[in-house]
Amino acid sequence: MEQPSIFDCRLHAPFFIYFRGTPRLSDKQILDHFGLHAYQSAAKLPPSSTYAVIADAGIWTLLADDWLYRLWHMPSTRKAIELLAKTHDVFAWSLGDCDQSYEYMIYLNGELVRQCTVDSPHFDDQVVRINIGEHLPFETESKGLPIEQKMERFCCNMGINDSVKREDLRVYYTPYKSNLDLNAGIRNF
C-alpha cells in the first residue's frame, strides 16, 4: 500500500495541524517552523523513511504526521503550534494508534479557545485529562461518534476542506533511523 494512505478521500494519519491566515506560509517555512529541516520532497516515499504531508485545504493549510508520530513526539511541536497561533488560526488534533486516546485544540485570533485531551490508560477506556474552553455547538452534535468522524465534522464546521486526492499532497521525508541498540537484545547462549 502506498504511503501516505488515503481512504474515502481522507488522509489516513494520526496527527493533523490545520492553520489559516496571512501571510500563507511556503512549504519550506512550514517545515522549518516545525523543526523538520532535514526533510526533503519526495514524489514517492523510499522504504525506511519518516514523512510529513503538506496540503492546501481551502483557505487552510494542512501539516500531517506519519504513523511513527515523529512530529507529535518532537518536544518542540507544542511550542511551534503556540507560536504559529499568534499569527494564524490553528486547529490541531491527534488520535492514539491502539487505544482510545485523542486530543484537539483550537486557536482563534491568537487565543486558545478550546482544548480537550482524553487519555486511555487501559486501552479501552477514556479519561478526560484537559478540558479548556466552552464546548462548541458542533462538539455536542458529534458526541458518541468515533474520533475520526468527530474531527471530520469539526473540520466541516470550521470551513476546512479535509477531502484530499494524492495529487493534492506534498510529501516530505527523511530516512528513518532507529534508536534501538541491536546489541542490547536477549541472548540465548
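For the structure itself, look to the data block above.
All of these numbers come straight from a predicted model, not from anything done at the bench.

Calculation notes
- Residues numbered from 1 in each chain as written.
- Predicted model: local features only at pLDDT ≥ 70, side-chain atom pairs only at ≥ 80, totals over all residues.
- Heavy atoms only, no water.
- Helix = DSSP H or I, 4+ residues; strand = E, 2+ residues; numbered from the N terminus.
- Rg over C-alpha atoms; globule rule 2.2 N^0.38 Å.
- Buried < 20%, exposed > 50% of the residue type's maximum accessible area, 1.4 Å probe, protein only.
- Areas by Shrake-Rupley, 256 points an atom, 1.4 Å probe, with all protein chains shown as cover.
- Pairing = 2+ DSSP bridges.
- Core = buried A, V, L, I, M, F, W, Y, C linked by side-chain atoms within 4.5 Å.
- Contact = heavy atoms within 4.5 Å.
- Phe/Tyr/Trp six-rings, centres within 6.5 Å; stacked < 30°, edge-to-face > 60°.

Helices and strands together make up the secondary structure of the protein, namely five helices and eleven strands. Its C-alpha radius of gyration of 17 Å places the protein within 12% of the 16 Å reference for a compact globule of 189 residues. Each of the three principal axes of the protein carries a C-alpha extent, and together these read 60 × 40 × 30 Å. The buried share of the protein, reckoned over its 189 residues, is 43%. As presented, the protein carries roughly 11100 Å² of accessible surface, and 53% of it is formed by carbon and sulfur atoms.

Before going further, it helps to examine unusual backbone geometry. In the segment running from Q3 into P4, the intervening peptide bond is cis, with an omega of -10°. In this structure, P23 follows T22 across a cis peptide bond, with omega equal to 0°. Tracing the sequence through the fold places P23 in the loop between β3 (15-20) and α1 (27-33). Positive phi is not limited to glycine here, since S48 has a value of about 55°. Inspection of the secondary structure puts S48 in the loop between β4 (40-41) and β5 (49-57). Of note in the backbone geometry, N109 takes a positive phi value of approximately 50° without being a glycine. Turning to its location among the elements, N109 is positioned in the loop between β8 (102-108) and β9 (111-119). Since its relative accessible area comes to 72%, N109 is described here as exposed.

All right, on to the pairing of strand β7 (residues 89-95) then. Look at any regular strand and the pattern is simple: side chains alternate between the two faces of the sheet. For β7, the tally of buried residues reaches seven of seven residues, placing the bulk of the element in the interior. One ladder, built from six bridges, connects β3 with β7; its direction is antiparallel. Bridging from a neighbouring strand, F15 pairs with S94 of β7. Pairing between β7 and β8: six bridges, direction antiparallel. Bridge pairing in β8 places L95 opposite Y102. The hairpin turn running from β7 into β8, its antiparallel successor, is six residues long.

With that out of the way, let us pick up the nonpolar core. L11, F16, Y18, F91, W93, Y104 and I160 are the most contacted members of the largest nonpolar core, which totals 33 residues. Every element with two or more residues in this core is listed here: β3, β5, β6 (60-64), β7, β8, β9, α5 (147-157) and β11 (170-175). Not counting residues up to four positions away in its chain, the partners in contact with F91 are F16, I17, Y18, W60, Y104, M105, I106, M151, F154, C155, M158 and I160. Formed by 22 residues, the second largest nonpolar core is a distinct cluster that contains F15, I17, L31 and M74.

All right, on to the environment of L25 then. Here L25 is to be found in the loop between β3 and α1. Classification of L25 by relative accessible area gives partly exposed; the value is 22%. The residues contacting L25, other than those within four sequence positions of it, are F19, I30, L84 and H88.

Looking now at the packing of aromatic side chains. Tallying each qualifying case throughout the model produces nine aromatic pairs. With centroids separated by 6.2 Å and ring planes inclined at 5°, the aromatic side chains of F16 and Y18 adopt a geometry described as stacked. Since its relative accessible area comes to 4%, F16 is described here as buried. In this structure Y18 comes out as buried when scored by relative accessible area, which is 3%. Through a chain of ring-to-ring contacts, the aromatic side chains of F16, Y18, F91, W93, Y102, Y104, F138 and F154 assemble into a single cluster.

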